[in-house]
Amino acid sequence: MELLDTSALIDCFTGRRASLPRLVTLLEGGTRLGMTSLTLYEWRRGDRTSEELRDQQRLLPDAGAILFGPEEAAPSAELFRQLPRPRAQQMDIAIAANRRDFADIPGLRLV
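Just so it is clear, the model here is predicted, and its values are computed rather than measured.

What follows deals with the overall build of the chain. Looking only at helices and strands, the chain has six helices and two strands in total. The order of helices and strands in the chain, counted from the N terminus, is β-α-α-β-α-α-α-α. Burial analysis of the chain (111 residues in total) assigns 38% to the buried set. Contacts in the chain between residues at least 24 apart in sequence constitute 60% of all its contacts with a sequence separation of at least 6. As displayed, the chain has an accessible area near 7,000 Å², and 53% of this comes from carbon and sulfur atoms.

In structure tokens:
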């Protein structure tokens, strides 16, 4: 499964929706896409229109969000302590999906 971060949701469902065609292509090609509960939190706390939320629900339903629990918290906290500038990345470290934000994390594969 490929996990999307909040930046991807914003680029897919707001403004010009520049990444929406890529998202649809991935889904039609059989790629399993998802988001974490942290991503859902970041997305939903923004000023979203009913249309944006409706479209997100169609392709990535809230009910399918992957929970961020103890198994995810421990390695995320360890990674946080190892990075040189973790405060600027604290939510993203847990989500771990934004290529630019994670260039300094060894071994992370980003799509």
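Don't stop here, the text continues.
Here the focus is the pattern of salt bridges. What the rule picks out here adds up to six salt bridges. For glutamate 78, the salt bridge identified is with arginine 81, shortest N-O distance 2.4 Å. Of this pair, glutamate 78 and arginine 81 are both found in helix H5 (residues 70-82), three residues apart, which corresponds to roughly one turn of the helix. Residue arginine 81 is classed as exposed on the basis of its relative accessible area of 58%. Among the charged side chains, a salt-bridge network with shared partners connects Arg17, Arg54, Asp55 and Arg58.

So, on to the side chain of glutamate 52. Checked against the element boundaries, glutamate 52 lands in helix H4 (residues 50-59). A polar contact is formed between the side chain of glutamate 52 and the backbone nitrogen of threonine 49, at a distance of 2.9 Å. Those residues in contact with glutamate 52, other than ones at most four positions away along the chain, are Phe13, Thr14, Gly15, Arg17, Trp43 and Asp47.

What follows deals with helix H2 (residues 20-28). Taken residue by residue, H2 has Leu20, Leu23 and Leu26 as its buried positions. Around the axis of H2, the buried residues are gathered within 125 degrees of arc, so they sit on the same side. Those residues of H2 that are exposed and angled more than 90 degrees off the buried face are Pro21 and Glu28. Residues of H2 that are buried make contact with strand S1 (2-4), helix H1 (6-13), strand S2 (33-35) and H4. Where H2 ends, the next residue or the one after it, glycine 30, has phi of about 95 degrees, a positive value.

What follows deals with the environment of glutamine 56. Considering the arrangement of structural elements, one finds glutamine 56 in helix H4. Since its relative accessible area comes to 0%, glutamine 56 is described here as buried. Spatially, the C-alpha atoms of glutamine 56 and leucine 9 are 7.8 Å apart, while their sequence positions differ by 47 residues. If we skip the residues at most four places from it in the chain, glutamine 56 touches Phe13, Met35, Trp43, Arg44, Pro61 and Asp62.

Next up on the list: a nonpolar patch on the surface. On the surface, Met1, Leu3 and Ile66 cluster together to form a nonpolar patch covering roughly 240 Å² of accessible area. The topology assignment puts leucine 3 in strand S1. For leucine 3, a relative accessible area of 34% puts it in the partly exposed group.

Calculation criteria
- Residues numbered from 1 in each chain as written.
- Predicted model: local features only at pLDDT ≥ 70, side-chain atom pairs only at ≥ 80, totals over all residues.
- Heavy atoms only, no water.
- Helix = DSSP H or I, 4+ residues; strand = E, 2+ residues; numbered from the N terminus.
- Buried < 20%, exposed > 50% of the residue type's maximum accessible area, 1.4 Å probe, protein only.
- Contact = heavy atoms within 4.5 Å.
- Areas by Shrake-Rupley, 256 points an atom, 1.4 Å probe, with all protein chains shown as cover.
- Salt bridge = Lys/Arg side-chain N within 4 Å of Asp/Glu carboxyl O.
- Polar contact = N/O pair within 3.5 Å; in protein donor to acceptor, adjacent residues only side chain to side chain.
- Arc of directions from axis to C-beta.
- Patch = residues over 30% accessible without salt bridge, like charges linked within 9 Å, V, L, I, M, F, W, Y side chains within 5 Å.

Fair warning: the whole summary comes from geometry, so function is off the table for now.
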